[in-house]
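Residue-level listing of the chains:
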Amino acid sequence: MIINKCQKCDLCLNNNFVPVKPFESNTNKILILLELPSHADRKKGITLNSISSKLLRTTLAKYNLLNHSYVTNVIKCRPVVNNVTHIHIAKCRPYLLEEIKLYKPHIILLFGKYAIKSIYPHTKGDVKSLNGRYRKIGNTYVIMFHNLNYIKNDKELIKEFDSNIAIVEKLLAQIDPYYKWY
């Protein structure tokens, strides 16, 4: 779902009222929720262009999951500085819920505290304790991760992230055994 114009909060002004577009694939069976657009995303107008996104793209491609992913942000417009508030999250949340409703993903991957809080507003605990954990809502698996910027700087977290994405591949195969064929 591409939002062409937005005037819900002050972040829209920074982006000339044009939010960063999501990355869309062929099937959108996996919805990946990042916290906010990077400067590179803002510059190109589409998400998944940052240095930390390279780790995500590479790992998803390794497991043939990139072509099944829809990547969006909790916050749709890039803040000038990283001063995201709960008000910004609340203003963007209707767009996020509409994306989930529209694409009906089998799996949702949440990266970082804002992503987790946007889906589970009353979640207790820090991201470290939630990393790699998943919950099932109806027929959808929701898996929580550290922020990509945090993962990319730690070799152990990169290994853990890779093994968690391998699990995502297995979950998708359980849900839809023919997912690799279309």
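Residues numbered from 1 in each chain as written. Predicted model: local features only at pLDDT ≥ 70, side-chain atom pairs only at ≥ 80, totals over all residues. Heavy atoms only, no water.

A. The arrangement of the pairing of strand β1 (residues 30-34) in detail. When you tally the buried positions in β1, you get five out of five residues, the bulk of the element. Burial along β1 is two-sided: I30, I32 and L34 facing one way and L31 and L33 facing the other are all buried. One ladder, built from five bridges, connects β1 with strand β2 (residues 69-73); its direction is parallel. Its bridge partner being in β2, L34 is matched across the sheet by N73. (Buried < 20%, exposed > 50% of the residue type's maximum accessible area, 1.4 Å probe, protein only. Helix = DSSP H or I, 4+ residues; strand = E, 2+ residues; numbered from the N terminus. Pairing = 2+ DSSP bridges.)

B. Examining the pattern of salt bridges more closely. Counting across every chain of the model gives two salt bridges. The shortest N-O distance in the salt bridge between D162 and K62 comes to 3.0 Å. Remark: K62 occurs in helix α3 (residues 51-62) and D162 occurs in helix α8 (residues 155-175); sequence separation between them is 100 residues. Look at K62 and you get exposed, because its relative accessible area is 55%. E156 is the partner of K159 in a salt bridge, and the nearest nitrogen-oxygen pair spans 3.8 Å. Of this pair, K159 and E156 both sit in helix α8, three residues apart, which is roughly one turn of the helix. (Salt bridge = Lys/Arg side-chain N within 4 Å of Asp/Glu carboxyl O.)

C. How the structure looks around the sheet that holds strand β5 (residues 140-145). Taken in spatial order, the five strands of this open sheet run β2-β1-β3-β5-β4, and their pairing is mixed. Looking at the sheet topology across the chains shown, the edges are occupied by β2 and β4 (134-137). Direction aside, neighbouring strands of the sheet carry axes that sit 20° apart on average. In this fold α3 packs onto β1, β2 and β3 (107-111), with an angle of close to 165° to the strand it touches most, β1. Each of β1, β3 and β5 is contacted by α8, which is oriented at about 175° to β5, the strand it contacts most. (Axes fitted to C-alpha atoms, helices over the stretch in contact; angles between N-to-C directions. Contact = heavy atoms within 4.5 Å.)

D. Structural view of the environment of L109. Its place among the elements puts L109 in strand β3. Once you skip the residues sitting within four places of it in the chain, L109 turns out to touch I30, L31, I32, L33, I143, F145, I165 and V168.

E. Up close: helix α4 (residues 86-103). For α4, with 18 residues, the first-to-last C-alpha span of 25 Å sits near the 26 Å given by 1.5 Å per residue. Taking the largest bend as the criterion, α4 deviates by roughly 40°, centred on R93, and proline P94 comes between one and four positions later. Just beyond α4, the residue with positive phi is K104, at close to 45°. (Expected span 1.5 Å × (residues − 1). Bend = angle between axes of the 7 residues up to and from the residue.)

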